[in-house]
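Now for the letters of each chain:
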Amino acid sequence: MDTSSLMEQILSSDNLNRAYLQVVRNKGAEGVDAMKYTELKEHLAKNSEIIKEQLRTRKYKPQPVRRVEIPKPDGGVRNLGVPTVADRFIQQAIAQVLTPIYEEQFHDHSYGFRPNRCAQQAILTALDMMNNGNDWIVDIDLEKFFDTVNHDKLMTIIGRTIKDGDVISIVRKYLVSGIMIDDEYEDSIVGTEMV
């Protein structure tokens, strides 16, 4: 598959409309700019052409994510980065184009964070494999994996498949857009805060 002109697919009207509908369907909290998802339509009506031009010319600058701590059942907390609604919209548009490309590369028995897959399907597959005589099942859960992703290594892996420099550029910008903890800005040196 030719991946040298993906930005135009990302910015197509159909893809952007689907991204908008998904962001509104997901609702979600406000990012650092305090814009609610209900305000996205008006924001895009005023700014969509500017945003598209900024993406095409690599001038778009994602906002830092707002850090939120989510309580875990064991008493700890899970850090979550909440992007602005506009950034969620762009990320969704990117994901809708990149996901089918990468889905073809993933192992058939991989279930985590994949569309139309869930833990219950993994369990059913494991049971089938056990019933077929397999003695070993591997279940891997890397603690805080997304918090420790090396940006350079990730971009190298993405660059093996994606040849559109505009897409590579915006993904890198999202990785390093920073984190706001209360009113303090913090660089995002490792990890992924994208939703």
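Remember, it's a predicted structure, so these values are computed and weren't measured experimentally.

**Here we look at the sheet that holds strand β2 (residues 77-82)**
1) Next: A sheet is described by the order of its strands in space; here four strands give the open sequence β2-β1-β3-β4, paired in mixed fashion. The sheet is open, and its two borders are formed by β2 and β4 (184-186), each paired with just one other strand. In this sheet, adjacent strand axes meet at a mean angle of 40° when their direction is disregarded.
2) Next: With three bridges connecting them, strand β3 (residues 179-181) and β4 associate as antiparallel partners. Directly across from I179, in β4, lies its bridge partner E186.

**Focus: the packing of helix α2 (residues 13-26) against helix α4 (residues 85-103)**
1) Next: The geometry of α2 relative to α4 is characterised by a closest axis approach of 8 Å and an angle of 125° between their N-to-C directions. On the basis of their axis angle, the class for α2 and α4 is oblique. When you trace α2 past α4, the crossing you get is right-handed. The residues of α4 that touch α2, namely those facing N15, L16, R18, A19, Y20, Q22 and V23, are V85, R88, F89, Q92, A93, Q96 and V97.
2) Next: Here the residues of the contact of α2 with α4 are counted per class, giving eight nonpolar, four polar and two charged.

**Remarks on helix α7 (residues 165-175)**
1) Next: Every buried residue of α7 is listed here: V167, S169, I170, V171, Y174 and L175.
2) Next: In this fold, the buried residues of α7 make contact with α1 (6-10), α3 (40-56), α4 and α6 (151-161).
3) Next: Here α7 starts with a cap whose side-chain oxygen sits 2.8 Å from the backbone nitrogen of D166, and that cap is D164.

About the criteria used
Residues numbered from 1 in each chain as written. Predicted model: local features only at pLDDT ≥ 70, side-chain atom pairs only at ≥ 80, totals over all residues. Heavy atoms only, no water. Pairing = 2+ DSSP bridges. Helix = DSSP H or I, 4+ residues; strand = E, 2+ residues; numbered from the N terminus. Axes fitted to C-alpha atoms, helices over the stretch in contact; angles between N-to-C directions. Parallel < 35°, antiparallel > 145°, perpendicular 65-115°, else oblique. Left-handed = near helix turned anticlockwise from the far one by under 90°. Contact = heavy atoms within 4.5 Å. Nonpolar A, V, L, I, M, F, W, Y, C, P; charged D, E, K, R; others polar. Buried < 20%, exposed > 50% of the residue type's maximum accessible area, 1.4 Å probe, protein only. Polar contact = N/O pair within 3.5 Å; in protein donor to acceptor, adjacent residues only side chain to side chain.

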